[in-house]
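Read off the chains here:
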Amino acid sequence: MGIHILGTGAVGCHIAATLKANRNKVTLLLRSQDHLKEFKNRNNSITYRCEGQTNVVPEFDASVTTDTSDRSPIQSLVVATKTNHTLKALEPMASRLSPTSSILLMQNGMGVAEELMKSLWKNTTPPKIYVGVNRHAIERIAPYDIHHHSGYNDTDALRIGRFPTTYHTEQSTEEVPEFLQKMVDIPKLQTAVLPWEEIRVRIYKKLFVNSCINGVASVLNTKNIGVIKDGNPGGIAMMRSICEEGYEVFKDEMPGETVESLMEMVLRTNVEAGENVSSTLQDIRAKRLTEVDYLNGYIVKIGQQKGINVKSNQAIVNFIHAREVLY
């Protein structure tokens, strides 16, 4: 069975390299002929660095997303593009997906699944959509070259759930798609498939982690650990303000959580993924548009709808967009 990967940043290359290293057929879906040529020049391989070791994983298949002559069905698709690029990247692939296909969204932020449903499958049966909550910390060193900093020893690192739609209602006895079961069976991925209600809470928690750490680390232009290094009072205070606002917006979605429990989670992640450069800061340094509208921007959007003061999150959004304008 072939598994297609759309998006070859840190997360996409991590999933692709891990699946390929475990003897699965993996096809990378690349943006252009230039990207395809670049990948062929490195012998269709991904460099994977972890725990002081460097492995070159070879023999990937690859094709271009805009190749309209390729109409072969896609049964299993992992989407690891940036949230703000997902719809545009997936549109050329939509005709190759069917209601029996399965899509796994491996991204930061919230709102992408809803956006895809509205734009691509508004009046038709969509593929089965799964959403991953990913705690693996991976840094993109160069194209097709990644450093896996943490997560491989975290028994809670990757959790996946089925996004509910009016066409596909979740069944507790539903069979897990084969490619997801393959991910579950790879110990280093630390994967489990859980009911959507449990995944939904985890997505909100991941939103808090990313909004706090990515946002503040990007303002400070530092690795994650810099936000709390030497008890950094300003960095911690900024994260607390983000967390307090987010809690007021989403507290009904996270029963049993408090600002303190969420801050404890954020600070723990700061330490565990301390040597990683957040995805938002990686984008800024590479002069790419960021995902901030799906992170702090999502908190702002829902907060404004509820009439809640979200000025700290709005400040992060403004700052990062101001950085983007400069390049």
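Residues numbered from 1 in each chain as written. Predicted model: local features only at pLDDT ≥ 70, side-chain atom pairs only at ≥ 80, totals over all residues. Heavy atoms only, no water.

**Things to note about the side chain of N270**
Then comes step 1: Secondary-structure assignment places N270 in helix α8 (residues 259–272).
Then comes step 2: A relative accessible area of 0% means that N270 is categorised as buried.
Then comes step 3: Each residue touching N270, except ones within four places of it in the same chain, is listed here: I213, N224, I225, V227, I228 and M239. (Helix = DSSP H or I, 4+ residues; strand = E, 2+ residues; numbered from the N terminus. Buried < 20%, exposed > 50% of the residue type's maximum accessible area, 1.4 Å probe, protein only. Contact = heavy atoms within 4.5 Å.)

**A look at the packing of aromatic side chains**
Then comes step 1: Counted according to the given criterion, the structure contains five aromatic pairs.
Then comes step 2: Ring plane angle 90° and centroid distance 5.5 Å describe the contact between F163 and W196, whose orientation is recorded as edge-to-face. Separated by 33 residues along the polypeptide, F163 in the loop between β11 (158–162) and α5 (178–184) and W196 in helix α6 (residues 196–220) bring together distant segments of the chain. In this pair, the class of F163 matches that of W196, namely buried.
Then comes step 3: Each ring, one from F250 and one from Y298, has its centre 6.1 Å from the other, and the planes form 10°; the classification is stacked. Placement of the pair is F250 in helix α7 (residues 233–250) and Y298 in helix α10 (residues 296–305), with a sequence separation of 48 residues.
Then comes step 4: By relative accessible area, which is 2% here, F250 ends up buried.
Then comes step 5: Among the residues examined, Y298 registers a relative accessible area of 16% and is labelled buried.
Then comes step 6: Following the ring pairs from residue to residue traces out a cluster consisting of F39, F60 and Y144. (Phe/Tyr/Trp six-rings, centres within 6.5 Å; stacked < 30°, edge-to-face > 60°.)

**Structural notes on empty space enclosed by the protein**
Then comes step 1: Under the defined criterion, the tally for this structure stands at one cavity of 30 Å³ or more.
Then comes step 2: Lining the largest cavity are Q107, N108, G109, V131, G132, V133, I203, K206, L207, N210 and L295.
Then comes step 3: If you list the elements that add at least two residues to the lining of the largest cavity, you get β8 (128–134) and α6.
Then comes step 4: With four residues, α6 is the largest single contributor of residues to the lining of the largest cavity.
Then comes step 5: Residue-level mapping places the lining of the largest cavity at the junction of two domains, with at least three residues from each of domain 1 (3–194) and domain 2 (200–325). (1 Å grid on protein atoms, 1.4 Å probe; cavity = no way out; pocket = protein on both sides within 12 Å on 5 of 7 lines; lining within 4 Å. Points joined across faces, edges and corners; volume = space filled by probe spheres on them. Domains from an automatic or database assignment.)

**Some points on the sheet that holds strand β2 (residues 25–30)**
Then comes step 1: One open sheet accounts for eight strands, arranged β5-β2-β1-β6-β7-β8-β11-β12; its pairing is mixed. The open sheet terminates on both sides in strands that have one partner only, identified here as β5 (61–64) and β12 (191–193). Adjacent strand axes in the sheet meet at a mean angle of 25° when their direction is disregarded.
Then comes step 2: In terms of strand pairing, strand β1 (residues 2–6) meets strand β6 (residues 76–79) through three bridges, oriented parallel. For I5, the partnering residue across the bridge sits in β6 and is V78.
Then comes step 3: With respect to the sheet, α6 is in contact with β8 and β11, its orientation differing from that of β8 by roughly 45°. (Pairing = 2+ DSSP bridges. Axes fitted to C-alpha atoms, helices over the stretch in contact; angles between N-to-C directions.)

**A word on the sheet that holds strand β10 (residues 145–150)**
Then comes step 1: The four strands lie next to each other as β4-β3-β10-β9, forming an open sheet whose pairing is mixed. Of all the strands in the sheet, just β4 (53–57) and β9 (137–142) have a single pairing partner and so form its edges. For this sheet the average axis-to-axis angle between neighbouring strands, irrespective of direction, equals 25°.
Then comes step 2: Where β9 and β10 come together, five bridges link them in antiparallel fashion. Opposite A137, over in β10, you have S150 as the bridge partner.

**Focus: the layout of surface pockets**
Then comes step 1: Taken as a whole, the second largest pocket holds about 280 Å³ of empty space.
Then comes step 2: Looking at the lining of the second largest pocket, the elements with two or more residues in it are α4 (112–120), β8 and α6.
Then comes step 3: Ranked by residues supplied to the lining of the second largest pocket, first place goes to α6 with four residues.
Then comes step 4: Both domains that furnish three or more residues to the lining of the second largest pocket are identified here as domain 1 (3–194) and domain 2 (200–325).

**Considering the packing of α7 against α10**
Think of two packed helices as two axes; the pair is described by the angle between the axes and how far apart they sit.
Then comes step 1: Taken N-terminus to C-terminus, the directions of α7 and α10 make an angle of 45°; their axes are 10 Å apart at the nearest point. It follows that α7 is oblique to α10 by the angle criterion. Here α7 runs over α10; the crossing is left-handed. Residues I242, G246, V249 and F250 of α7 lie in contact with α10, whose contacting residues are N296, Y298, I299, I302 and G303.
Then comes step 2: In terms of residue class, the contact of α7 with α10 is built from six nonpolar, three polar and no charged. (Parallel < 35°, antiparallel > 145°, perpendicular 65-115°, else oblique. Left-handed = near helix turned anticlockwise from the far one by under 90°. Nonpolar A, V, L, I, M, F, W, Y, C, P; charged D, E, K, R; others polar.)

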